[in-house]
Amino acid sequence: MKKKQKLVLVGNGMAGVHCVEEILKHDPDMFEIMVIGSEPHPNYNRILLSAVLQGDTAIDKITINSLDWYKQHRIDLYTGETVVKIDHERRVIKTDKKRALPYDQLILATGSVPFLLPIPGSDKEGVLSFRTIEDCKRIIEVAEHHKKAVVIGGGLLGLEAARGLLHLGMEVNVVHLGGFIMERQLDETAARMLQAELEKQGMRFLLEKQTEEILGDERIERVRFKDGTTVEADLLVMAVGVRPNVYLAQESGIATNRAIIVNDYMETNIPNIYAVGECAEHHGMVYGLVKPLYDQATILAKNLCQVNSKGYQGSVLATQLKISGVDVFSIGEFQESTTTKSIKIYDEVNQSYKKLVFQEEKIVGAVLFGDTSDGVKLQSMILNKQDVSDIEKVTIFQSNPAKNSVSTMAATEIICNCNGVTKGGIIEAVHNYGCTTVEEVKACTKASGSCGGCKPLVSELLSSIHSDEFEEVKKEKQTMCACTSLTEDEVVHEMQMQKLSSVNEVMNAFNWKNKQGCSKCVPALTYYLGMINPEYEDMQETLFFNERMNATLQKDGKYFVVPQMYGGMTNAKQLRKIADVADKFDVSEIAITSEQRIHLIGLKKEELSKVWGELNMPLSSTYGNRVQNVKTCIGEHICQCAKHGSLQLSASLEKKLEFLMTPSRVKIGVSACLHNGAGSTTKDIGVIGTNRGWEIYVGGSSGRSVRDGQLFTVTETTEETIDLIVAFVQYYRETANYSERTWQWLQRVSLLHVREILFDLELREQLMDRLEEDTAVKKVPKDFAIYLK
């Protein structure tokens with residue numbers, strides 16, 4: 001048994017523990033895990049401390065992972081203990097309790113510490129920060145005996161603290177150095193509107209004030225500002241921001257700037273030491289929101305478990321908040337600049353404000369106040385860099401509340417961005433576990449369990465599910481076939497985990513009811529084994545050996561072979577050779593198909609080796625679930641458009657994709673122009689030449705039930721077109737169920753998801769590399785004589 005590596009996590013916060021959760025998903029037996037946390041608590045949601053202060057929840061309700069969770073996963077947890085030294089040469093960490101722990105891999109998730117203004121009097125009784133459970137308890141205790149509070153900091157944390165103090169019955173003044181509040185999340189108009197709403201609730205604001213001194217004897221009594229004014233206070237909460245906690249890293253020789261410097265894989269400059277979360281600096285950026293920190297944790301987990309990934313590419317920041325009952329939303333670059341233009345709509349009657357910022361025909365930022373129902377749509381448009389040149393800009397705002405409601409979202413759409421929980425996942429939790437409250441949904445799925453911004457959406461979805469109008473139902477578990485109680489996903493996962501290498505091994509390992517299998521599971525298992533191990537297919541007793549040796553069996557026991565003519569093009573020399581072979585072996589039937597291929601029909605098995613030798617040319621093999629020959633259109637009777645480019649594209653695609661096993665037959669059509677002579681819009685993959693470049697359509701069907709394909713994208717070059725189609729085919733091969741057509745697969749995973757994968761250049765290249773490896777295996781010459789005995 002392979003010896004486990006020792007993994008030490010320094011910091012028991014949200015980002016670090018999320019990384020551990022992801023590691024356990026990838027390989028629960030890879031590491032012996034130790035977690036050291038300075039606070040005397042298991043992992044909890046720091047963001048919800050404001051909810052505790054405001055009386056919306058109890059302290060024990062914000063725990064993310066209980067002590068039982070650590071025990072269940074055999075994780076050694078050391079609470080109330082701080083790491084004081086890292087000896088990276090010996091790979092040992094030391095704590096303030098004289099504990100020494102060796103490590104093979106070390107994660108620094110030390111988070112951040114509150115920034116305390118270095119002003120006279122900051123050490124007086126009644127001056128507190130707002131960062132931990134202990135801070136929260138002290139504030140509640142002080143509020144029981146004192147009534148005048150000052151909060152320094154008009155950002156999100158300061159306003160949340162101020163709202164909590166109002167709830168505790170205190171008079172609250174919010175002091176802010178800037179000219180308007182929440183400048184990191186809102187523009188000035190939205191900030192002014194929010195301030196007005198908060199003032200109605202009893203909050204007071206002192207803007208453009210710089211604190212000079214905290215006055216009083218032992219306890220705070222007043223706060224004085226540099227302009228000479230003062231304000232009474234017997235409690236002061238500093239919420240002016242946080243600093244990355246980098247002291248340990250600096251003392252250990254790890255490179256730091258504002259935070260610990262990491263690359264795209266969250267690696268520091270010291271081998272085997274990583275950083276994640278608020279203490280990490282990636283390409284000059286330090287993030288404090290949950291979504292980017294969880295993204296970092298996910299990438300680091302893949303890196304540690306040796307799972308390929310594109311690395312962390314930074315994040316577009318989005319904020320969905322409910323501040324004292326007021327809904328606000330912002331995303332991206334919402335402040336105007338010399339390179340951007342904006343549209344703003346202000347509704348004074350209904351107290352709503354909407355702003356979009358554009359750059360080069362794309363939305364790059366948005367702010368919503370009051371009515372935030374467009375938030376999900378705008379986030380999708382920004383993250384996908386949607387071109388809006390053909391859209392009347394102001395109509396983006398003309399939302400239909402019913403259309404934007406959660407009831408119209410697809411099951412695959414994300415409800416909780418922080419934890420990647422879809423609408424379908426929540427529906428499934430409700431049906432399986434009877435969830436009736438947001439808290440129960442959070443316990444089952446983690447939706448709304450991090451930043452809490454999606455809580456209104458989760459609540460709306462719950463109301464919809466439990467209404468009489470709700471018609472969506474959870475899909476019943478679909479087993480692979482009647483031979484097993486496992487789904488296809490479960491079978492494939494276990495095949496990989498147990499490294500099974502034959503159909504019989506799979507059936508025995510999973511207690512197949514019918515030991516011979518059936519017509520549904522046997523070909524499916526064969527396909528999956530071929531995907532997991534590309535050489536598997538070539539070990540089967542079939543008459544496909546390589547590009548120059550293959551044939552297809554007919555019902556009468558004879559065979560036919562198909563000389564390959566890439567793109568439907570040939571030459572006189574090739575035609576003469578085919579004719580000579582037909583004469584020599586007395587081929588009685590010769591057919592030309594709609595794909596511009598010649599079939600030599602009626603060959604005997606014992607003749608095949610000689611026929612292959614005489615032809616000595618590439619042969620086409622598209623029988624079964626494979627990528628079919630590309631349909632082209634070369635007839636001048638259709639149109640007079642130039643067709644050379646489309647024929648070359650077809651030939652290039654065939655050379656890239658020939659001989660590939662696929663979940664179902666993949667038909668491709670390439671049309672030179674909009675006359676669409678090859679019927680490209682009703683193929684699994686269709687390409688049409690336009691004056692803008694190549695339009696790529698996917699998910700069409702020309703069978704009994706005709707379906708139009710969806711426009712995937714428009715490319716400018718033939719090279720990009722080939723790359724996208726090759727990556728599309730490989731991603732379909734890797735993620736579709738056996739016999740699942742491309743249109744069914746797209747309905748399940750969503751076209752948007754596939755775009756996100758393939759538009760990422762690094763992921764696209766990885767898919768292309770894996771497909772090239774598979775096709776290389778198919779073209780290795782085999783000794784075919786043993787198959788013909």
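Residues numbered from 1 in each chain as written. Predicted model: local features only at pLDDT ≥ 70, side-chain atom pairs only at ≥ 80, totals over all residues. Heavy atoms only, no water.

**Overview of the packing of helix H14 (residues 488–497) against helix H16 (residues 521–532)**
For the pair H14 and H16, interaxial distance at closest approach is 11 Å and the crossing angle is 45°. Classified by the interaxial angle, the pair formed by H14 and H16 is oblique. Crossing of H14 over H16 shows right-handed handedness. Contacts from Glu 488, Val 491, Val 492, Met 495 and Gln 496 of H14 reach H16 at Leu 525, Tyr 528, Leu 529 and Ile 532. Counted by class, the contact of H14 with H16 contains seven nonpolar, one polar and one charged residues. (Axes fitted to C-alpha atoms, helices over the stretch in contact; angles between N-to-C directions. Helix = DSSP H or I, 4+ residues; strand = E, 2+ residues; numbered from the N terminus. Parallel < 35°, antiparallel > 145°, perpendicular 65-115°, else oblique. Left-handed = near helix turned anticlockwise from the far one by under 90°. Contact = heavy atoms within 4.5 Å. Nonpolar A, V, L, I, M, F, W, Y, C, P; charged D, E, K, R; others polar.)

**A word on the sheet that holds strand E9 (residues 127–129)**
Here we have five strands laid out as an open sheet, ordered E9-E16-E10-E11-E12, and parallel in their pairing. Among the strands making up the open sheet, the edge pair consists of E9 and strand E12 (204–207). The average undirected angle you get between the axes of adjacent strands in this sheet is 25°. As paired elements, E9 and strand E16 (residues 235–238) share three bridges and run parallel to each other. (Pairing = 2+ DSSP bridges.)

**A short note on helix H5 (residues 156–167)**
Here H5 is 12 residues long and its end C-alpha atoms lie 17 Å apart, about the 16 Å a rise of 1.5 Å per residue gives. Phi turns positive, to about 90°, at Gly 169, one or two residues after H5. (Expected span 1.5 Å × (residues − 1).)

**Here's the deal with the packing of aromatic side chains**
As enumerated under the stated definition, the model contains seven aromatic pairs in all. Seen in terms of ring centroids, Tyr 731 and Trp 745 are 6.0 Å apart; in terms of plane orientation they differ by 65°. Their pairing is edge-to-face. With Tyr 731 in helix H20 (residues 718–735) and Trp 745 in helix H21 (residues 742–749), this residue pair connects regions lying 14 residues apart in the sequence. With relative accessibility at 13%, the residue Tyr 731 sits in the buried group. Here the aromatic residues Phe 712, Phe 728, Tyr 731, Tyr 732, Trp 745 and Phe 759 are joined through ring pairs into a cluster of three or more. (Phe/Tyr/Trp six-rings, centres within 6.5 Å; stacked < 30°, edge-to-face > 60°. Buried < 20%, exposed > 50% of the residue type's maximum accessible area, 1.4 Å probe, protein only.)

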